[in-house]
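# Breakdown of the fold
So you can see what is in the structure, the chains are spelled out below.
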Amino acid sequence: MTPPATVVQRPRVAELTYREALNQALQEEMKRDESVFLMGEEVAQYHGAYKVSKGLLEHFGNRRVLDTPISELGFSGLGVGAALAGLRPVIEFMTFNFSFLALDQVINTAAKWRYMSGGQFKVPIVFRGPNGAALQLAAQHSHACETYYFHAPGIKVVAPATPADAKGLLKAAIRDDDPVIVLEGELLYNIRGTVPEDGEHIVPLGKADVKRTGTDLSIVAHGRSVHLALQAAGELEQEGVDTEVVDLRSLRPLDAETVLASVRKTNRAICVEEGWPFGGVGGQVVSIIQEEAFDWLDAPVFRVTQADVPMPYAKNLEQTAKPSLERVVRACHRVLYGDGAWGDDTQ
């Protein structure tokens, strides 16, 4: 008799927006662990400024989904205390621009308590919310906040670019025993993608992902810049250039090995980010590449960043200040062809 064919069970997936994927992650983790709760401005009755917490109040009640006063320092401190007491708070900042008011609790307390207690205390807390520029929100509401947080030891920082990574990284962050910053691209909430419905879909912290394989050039990016990198790779393909796109996903810990493996294969690289150039994420990546893969490089590593100015309000100036497809492609041309005619305005 012929043995029956083996049935391969494929994981179930759903087409979700970025915000729906985050919502699904919160629901699954709050069902799995009663110590998880959500707190922030308008997260309960209003369902969050970007509707990430839609339906959570109705399902879990007002003891686990809490609206707070407009006091980031106050409710962040309350969250840190709850984490020290054994709970797993998820703190939503209406925008990460407002998190600056809570820097003392995030950097000076949450990030340091485990070290200062000699490991006696864990601080399992998540700080999450929209990051980076949106559309004409002006200088005080358009910060890419990565460098403020990934500079400090004791705290982990992730920046998902896709709905699947948003779900998997948020779930991993909630389960982690250290404080984790989850930076959600403010212009990513409406993008769609396939997301595993498995309640155990976890994206490990500290692991990058190659979003597109290639042999001629590596583009290293994170968050919303990943989509810009993929667009540039599509344009370069029309020129016969095979571009690899590395999505860092996690900024601290940073997956140096995946970046280095890509650069050793392609021998050329650029870094793309929404933040300012001085002391940015790309600067750290370039440092790693030149220290560990210098002998593999056939060209300098260039960076594409926001212009080194506060974000303008005027629409045309804002577009000029942000990283653009044109600037990314121009930086790739400089790395590929070494032609100074492409200019020096990659930053």
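What comes next concerns the included structure. (Residues numbered from 1 in each chain as written. Predicted model: local features only at pLDDT ≥ 70, side-chain atom pairs only at ≥ 80, totals over all residues. Heavy atoms only, no water.)

A few words on the overall build of the protein. Looking only at helices and strands, the protein has twelve helices and 14 strands in total. Compactness check: the protein gives a C-alpha radius of gyration of 21 Å against a globular reference of 20 Å for 347 residues, within 12% of the reference. Principal-axis analysis of the C-alpha atoms places the extent of the protein at approximately 75 × 60 × 45 Å. For the protein, buried positions account for 55% of its 347 residues. The long-range fraction of contacts in the protein, counting pairs at least 24 apart against all pairs at least 6 apart in sequence, stands at 81%. With an accessible surface of roughly 15,500 Å², the protein has 53% of that area assigned to carbon and sulfur atoms. With 34 positive and 45 negative side-chain charges, the protein shows a separation of 5 Å between the mean positions of the two kinds. (Helix = DSSP H or I, 4+ residues; strand = E, 2+ residues; numbered from the N terminus. Rg over C-alpha atoms; globule rule 2.2 N^0.38 Å. Buried < 20%, exposed > 50% of the residue type's maximum accessible area, 1.4 Å probe, protein only. Contact = heavy atoms within 4.5 Å. Areas by Shrake-Rupley, 256 points an atom, 1.4 Å probe, with all protein chains shown as cover. Lys, Arg positive; Asp, Glu negative; His and termini not counted. Charge placed at Lys NZ, Arg CZ, Asp CG, Glu CD.)

By size, the foremost hydrophobic cluster in this structure holds 44 residues, and its most contacted members are Phe 127, Ile 181 and Ile 289. Only β2 (36-40), α3 (72-84), α4 (103-110), α6 (146-150), β7 (180-185), α9 (256-266), β13 (269-272) and α10 (281-292) provide two or more residues apiece to this core. In terms of residue count, α10 provides more of this core than any other element does, five residues in total. Here Ile 289 is in contact with Val 259, Leu 260, Val 263, Ala 269, Phe 294, Leu 297 and Val 301, once residues within four sequence places are set aside. Residues Leu 22, Val 43, Val 126 and Leu 188 belong to the second largest nonpolar core, which totals 27 residues. (Core = buried A, V, L, I, M, F, W, Y, C linked by side-chain atoms within 4.5 Å.)

The next point concerns the sheet that holds strand β9 (residues 209-212). On the basis of which strands lie adjacent, the open sheet formed by five strands has the order β9-β11-β10-β13-β14 and mixed pairing. The two strands at the open ends of the sheet, each matched to only one other strand, are β9 and β14 (302-304). The mean angle between the axes of side-by-side strands here comes to 25°, regardless of whether they run parallel or antiparallel. Strand direction decides the pairing type here: β9 and strand β11 (residues 243-247), joined by three bridges, are antiparallel. (Pairing = 2+ DSSP bridges. Axes fitted to C-alpha atoms, helices over the stretch in contact; angles between N-to-C directions.)

Our focus in this paragraph is the packing of aromatic side chains. Centre distance and the angle of the planes are the two values used to describe a pair of aromatic rings. According to the stated counting rule, one finds eight aromatic pairs in the structure shown. With a centroid separation of 5.8 Å and 75° between ring planes, the pair formed by Phe 96 and Tyr 149 is classed as edge-to-face. Remark: Tyr 149 occurs in helix α6 and Phe 96 occurs in the loop between β4 (88-92) and α4; sequence separation between them is 53 residues. For Tyr 149, a relative accessible area of 0% translates into the label buried. Put simply, the rings of Phe 75, Phe 93, Phe 96, Phe 127 and Tyr 149 pair up and form one aromatic cluster. The ring of Tyr 46 is capped by Lys 51, whose NZ or CZ atom sits 3.6 Å from the centre of that ring. (Phe/Tyr/Trp six-rings, centres within 6.5 Å; stacked < 30°, edge-to-face > 60°. Lys NZ or Arg CZ within 6 Å of the ring centre and 35° of its normal.)

On to the state of the cysteines. Evaluated as defined, the whole model comprises zero disulfides. Left unpaired, Cys 332 is separated from the closest cysteine sulfur, that of Cys 271, by 11 Å. When its relative accessible area of 0% is taken as the criterion, Cys 332 is described as buried. (Disulfide = S-S within 2.5 Å.)

Counted residue by residue, strand β10 (residues 217-221) has five buried out of five residues, so it is predominantly covered. Neither face of β10 is open: one carries Leu 217, Ile 219 and Ala 221, the other Ser 218 and Val 220, and all of them are buried. Bridge analysis of β10 against β11 gives five bridges, and the strand direction is parallel. Residue pairing across strands places Ile 219 opposite Val 245, the latter belonging to β11.

All told, the structure shown has 26 salt bridges when counted by the stated rule. Between Glu 237 and Arg 212 there is a salt bridge, and its shortest N-O distance comes to 3.3 Å. Placement of Glu 237 in helix α8 (residues 225-237) and of Arg 212 in strand β9 is noted, with a sequence separation of 25 residues between them. The exposure class of Glu 237 is partly exposed, given its relative accessible area of 47%. (Salt bridge = Lys/Arg side-chain N within 4 Å of Asp/Glu carboxyl O.)

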